[in-house]
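# Close look at the chain arrangement
Here is what each chain is made of, one letter per residue.
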Amino acid sequence: MQPIPFIDLQTQRDRIREKVDRRIATVLDHGAFIMGPEVRELETALSLFGSMQHTLSCASGTDALTLPLMAWGIKEGDAVFCPSFTFAATAETVALLGATPYFVDVDETTFNMDLDSLEAAIAEVKAEGRLNPRAIIGVCLFGQPADYPALRRIADKHGLKLIADAAQGYGGTIDGAMASRWADVVSTSFFPAKPLGCYGDGGAVQTNDAELAAVMTSLRVHGQNLEDKYDNIRIGINGRMDTIQAAILLEKLAIFPEEIEARGRIAARYSQKLSHVVRTQALLRDAVSTWAQYTVRLPEGTDRAAVAAKLKDAGIPTAIYYPKPLHRQTAYEHYPVSRGELKASDAISKDVISLPMHAYLDEETQDYIVETLTGVLAR
């Protein structure tokens, strides 16, 4: 058997290569290498796809989280609630602005933000009176949308803004709609390994708030005055997108709905074949996940390192997302946590392992992965 890729970008590349080559050649010909016409074309296409009126492309998924927080004036003394079991960028953007990421636990089956833990965290902040609660960042972990209808209700109850961190789950749905139906802002990443990724770095932030979009547009380019680019009226960032990346994304977006469907089919097959040997990520209600990663929990007491090593010996790559929740990491361990402990985040981080997942995973290869993992766990 050929080496098994963890994420197969090459098959997708070969599928769209001629179209991508033409797109890149066009950019090379017109020479507008940053924020060129393809960037505007992509922003329009993403607004249609994501059902939001305003889309701003940017240089990374981290920028896509930072821009709305900056635009809302979130600063020292403010609290932003986010899950601990996620990638560092979710909390990093809050801390970079001097605000306090307040860590919330996740559900042990869906891996997404636990609503009771969130409510407890908000109550703690209000009772203590030291911090000003400002926003919630929900995360579409491993591709599955958080419970955005419920998060919206909680946000409205407490007067908070709601960001959907869709870096892993852009295009996923819950209750038949994308996060854009409930969130004030949807942020995503186009890092190459993401379900919708470019061939470098990139991101986008979406909103229906025209005033917010205007402020973020200014902040994206050093806080410039949109009427006079050499009159900087805010302290901003350099968050512009390279035109070549936008050109590539236009061709990837064209096949993205088909790839989401394929990922869902492959994930369902994994779950059907593995549910008797591992704990698979549960889908919330009728959620459609983009399955950025297919992550399972190994049986209690399993030596995860040994399992990964045996799978590697069999030619099967794996990854661990995430071996340490954020509240256990050096840079974040001093920030507050809901109820003083995050039991589910701690437990999940010790036994999760991710298997190869992409839209081009054939059944023969998938069966080999399933049979090998099942055999390893049976020993």
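The following paragraphs examine the structure supplied in this document.

Calculation rules
- Residues numbered from 1 in each chain as written.
- Predicted model: local features only at pLDDT ≥ 70, side-chain atom pairs only at ≥ 80, totals over all residues.
- Heavy atoms only, no water.
- Buried < 20%, exposed > 50% of the residue type's maximum accessible area, 1.4 Å probe, protein only.
- Helix = DSSP H or I, 4+ residues; strand = E, 2+ residues; numbered from the N terminus.
- Pairing = 2+ DSSP bridges.
- Axes fitted to C-alpha atoms, helices over the stretch in contact; angles between N-to-C directions.
- Parallel < 35°, antiparallel > 145°, perpendicular 65-115°, else oblique.
- Left-handed = near helix turned anticlockwise from the far one by under 90°.
- Contact = heavy atoms within 4.5 Å.
- Nonpolar A, V, L, I, M, F, W, Y, C, P; charged D, E, K, R; others polar.
- Patch = residues over 30% accessible without salt bridge, like charges linked within 9 Å, V, L, I, M, F, W, Y side chains within 5 Å.
- Areas by Shrake-Rupley, 256 points an atom, 1.4 Å probe, with all protein chains shown as cover.
- Salt bridge = Lys/Arg side-chain N within 4 Å of Asp/Glu carboxyl O.

## Some thoughts on the pairing of strand E12 (residues 352-355)
- Every second residue of E12 is oriented toward a common face, with Val 352 and Ser 354 on one face and Ile 353 and Leu 355 on the other, all of them buried.
- Of the pairings in the sheet, the one linking strand E11 (residues 294-297) to E12 comprises four bridges and is antiparallel in character. Note on E12: the bridge partner recorded for Arg 297 is Val 352.

## Focus: the packing of helix H3 (residues 61-71) against helix H4 (residues 89-96)
- At a closest axis distance of 9 Å, the pairing of H3 and H4 adopts a crossing angle of 40°. Compared by their axis directions, H3 and H4 come out oblique. The two elements H3 and H4 cross, and the hand of that crossing is right-handed. Of the residues in H4, those in contact with Thr 62, Leu 65, Thr 66 and Leu 69 of H3 are Ala 89, Thr 90, Glu 92, Thr 93 and Val 94.
- Along the lines of polarity and charge, the residues of the contact of H3 with H4 split into four nonpolar, four polar and one charged.

## Section: the environment of Glu 76
- Looking at the secondary structure, you find Glu 76 in the loop between H3 and strand E2 (78-83).
- It is 4.3 Å that separates the C-alpha atoms of Glu 76 and Ala 99, two residues lying 23 residues apart in sequence.

## Remarks on a nonpolar patch on the surface
- On the surface, Leu 28, Phe 33 and Ile 34 cluster together into a nonpolar patch covering about 290 Å² of accessible area.
- Take Phe 33: its relative accessible area is 42%, and that puts it in the partly exposed class.

## So, the pattern of salt bridges
- Counted under the stated rule, the structure contains 22 salt bridges.
- Between Asp 78 and Arg 134 there is a salt bridge, with the nearest N and O atoms lying 2.9 Å from each other. On the criterion of sequence distance, the pair formed by Asp 78 in strand E2 and Arg 134 in strand E4 (residues 132-139) is long-range, its members being 56 residues apart.
- Asp 147 is paired through a salt bridge with Arg 285; the nearest N and O atoms lie 2.9 Å apart. In this pair, Asp 147 is assigned in the loop between E4 and helix H6 (148-158) and Arg 285 in the loop between strand E10 (279-280) and E11, connecting sequence segments 138 residues apart.

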